[in-house]
Amino acid sequence: MLGLYDSGLGGLTVLAALRRVGINQDVIYFADQAHVPYGDRTDLELYALLEENFRLLEAHGADAVVMACNTSCAVAARRGGFPVTRLPVLDLIGNAAAALRDTRYRRIAVFATAATVRSGAYRAAIVAQAPRVELIEIAAPELVPLVEQGFAATERASTAVRELCRALPPGVEAIVYGCTHYPLLDTHFARALHRDVARIDPALTQAAAAAALVSRLALPAGSGLTHYLTNGDLARFESNVRAWTGDRTGGFASTQALAR
């Protein structure tokens, strides 16, 4: 079973990518909604949450962790690596950068949370793979709360994305979604950006890396079910997941209830 971890709903974009590449192993998806948004938290807080959430996924039988939270990956990079765990861990930022190794784009912007931008993790990872790229990092702290609060399809979200895109300097050829929540706003980005500006979703390369990991570990085929966990509002979480994914088979549970 694969463990998927995000601060909230954003990891659903990685989950969708996993299923699209044919991964049929069961998935345990944990949304740390009690602490969302992550972007304005300190590195110390975020690393402690990362350790705690790794333990949770391991306790629920995960064979490997597919990171679906850029901010957590950024903090791990800044602190010298992920917390010690017996589980293999797929780094979302590292895989995103690897996909840009032979990119034809020379001016790329990364939209990310404030904590991810502050860490410089995307800059370090991308420059290591593609040293000729000029990278612009832009913090977008308002977007995660819009998604988590159910405003992704509203004019309010459209306006927020439009204002962010206006801040892009001339000559940007591609943007990277440096937060897994942002592809849930892709319709707004498509409208706000010039049609020649490419939109890069790291979930796609993370899914390809996950498929390779499943093969390497020889994980047995599963039922293709997803088991959803949250430490936030369970009813709201289930409603949002159903709306975004159309999943009518996955099970839902509260980690708060399980702890009692």
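Structure first, text after, so check above.
Residues numbered from 1 in each chain as written. Predicted model: local features only at pLDDT ≥ 70, side-chain atom pairs only at ≥ 80, totals over all residues. Heavy atoms only, no water.

A word on helix 1 (residues 12-20)
Rule in force here: Only protein chains enter the accessibility calculation, which uses a 1.4 Å probe. A residue is then buried if its area is under 20% of the maximum for its type, exposed if over 50%, and partly exposed in between. Numbering of helices and strands starts at the N terminus; helices are DSSP runs of H or I of at least 4 residues and strands are runs of E of at least 2.
For helix 1, every residue scored as buried is listed here: Leu-12, Thr-13, Val-14, Leu-15, Ala-17 and Leu-18. One or two residues past the end of helix 1 sits Gly-22, with phi positive at roughly 95°.

Notes on helix 4 (residues 92-99)
Rules: Every residue pair with non-hydrogen atoms within 4.5 Å of one another is taken to be in contact. Nitrogen and oxygen atoms within 3.5 Å of one another constitute a polar contact, given that in protein one can donate a hydrogen and the other can accept it, and given that sequence-neighbouring residues count only through two side-chain atoms.
Looking only at helix 4, the buried set comprises Leu-92, Ile-93, Asn-95, Ala-96 and Ala-97. Here the buried face of helix 4 lies against strand 3 (64-67), helix 3 (70-78), strand 4 (89-90), helix 6 (121-129) and helix 10 (203-217). Sitting at the head of helix 4, Asp-91 places a side-chain oxygen 3.4 Å from the backbone nitrogen of Ile-93.

Quick look at unusual backbone geometry
Residue Pro-37 is reached from Val-36 by a cis peptide bond, and omega for that bond is 0°. By the element assignment, Pro-37 lies in the loop between strand 2 (27-31) and helix 2 (43-59). A positive phi angle, close to 55°, is found at Ala-218, a residue other than glycine. With respect to the helices, strands and loops of the structure, Ala-218 is situated in the loop between helix 10 and strand 9 (226-230). On the accessibility criterion, Ala-218 (58% relative accessible area) is exposed.

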